[in-house]
Amino acid sequence: MSKLTSWVPIVLFGIMLASSYFVTKSIIELKKENQSLTEQLSRQNSITENANRTFRIINNVSSLNSEERNRSAVDSEKVKTVIKTVLVNNDCANTAIPNDALIRMHDYSERIRASGTYSDTGTINR
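Since the model is a prediction, treat every value here as computed from it, not as a measurement.

A few words now on the overall build of the chain. A tally of helices and strands in the chain yields two helices and zero strands. Within the span of the chain, comprising 126 residues, buried residues form 0% of the whole. Within the structure as shown, the chain displays about 12000 Å² of accessible surface, and the carbon and sulfur contribution to it stands at 61%.

In structure tokens:
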């Protein structure tokens, strides 16, 4: 029995050595996986931040466009009120404009607006 008892510590030491090897190997693999997942999370966070920034920009632009439309509507109403006030007793204000003339004036004003957008400011539009 003494031979058996002398081998027990050696066997236990061998088992501890083998298990510590496998534990160390598992720890190394887990650290690698942790690093990989951390990098993946970082990339996904960057994508999410970019998407959120894009949505905020789009929201701000939409909000500014809406405010500008509201301002334009208010300005248009103010101009209409001023024109009505100025022309209230004017004989021309009550004169009907023929549809053809009205359409031609509208088309002309649209052409002026369109050419003003794309024209060279250094030249005179006639």
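Resuming the write-up.
Two side chains of opposite charge can pair, provided their charged atoms sit close to one another. Throughout the structure, instances matching the rule amount to four salt bridges. Residue Lys 80 pairs with Glu 77 through a salt bridge whose shortest N-O separation is 3.6 Å. Linking Lys 80 with Glu 77, this pair stays in helix 1 (residues 2–86), spanning three residues, or about one helical turn. Using a relative accessible area of 45% as the deciding quantity, one classes Glu 77 as partly exposed. Taking the shortest distance from any N to any O, the salt bridge between Arg 113 and Glu 110 comes out at 3.0 Å.

It is worth spelling out a nonpolar patch on the surface at this point. A cluster of nonpolar side chains, Trp 7, Val 8, Ile 10, Val 11, Leu 12 and Ile 15, forms an exposed patch at the surface whose accessible area comes to about 600 Å². With respect to the helices, strands and loops of the structure, Leu 12 is situated in helix 1. Overall, Leu 12 belongs to the partly exposed group, its relative accessible area being 48%.

What follows deals with the packing of aromatic side chains. Counted under the stated rule, the structure contains one aromatic pair. Aromatic side chains Tyr 21 and Phe 22 sit 5.3 Å apart centroid to centroid with 70 degrees between the ring planes, which places their arrangement in the edge-to-face category.

Criteria and cut-off values
- Residues numbered from 1 in each chain as written.
- Predicted model: local features only at pLDDT ≥ 70, side-chain atom pairs only at ≥ 80, totals over all residues.
- Heavy atoms only, no water.
- Helix = DSSP H or I, 4+ residues; strand = E, 2+ residues; numbered from the N terminus.
- Buried < 20%, exposed > 50% of the residue type's maximum accessible area, 1.4 Å probe, protein only.
- Areas by Shrake-Rupley, 256 points an atom, 1.4 Å probe, with all protein chains shown as cover.
- Salt bridge = Lys/Arg side-chain N within 4 Å of Asp/Glu carboxyl O.
- Patch = residues over 30% accessible without salt bridge, like charges linked within 9 Å, V, L, I, M, F, W, Y side chains within 5 Å.
- Phe/Tyr/Trp six-rings, centres within 6.5 Å; stacked < 30°, edge-to-face > 60°.

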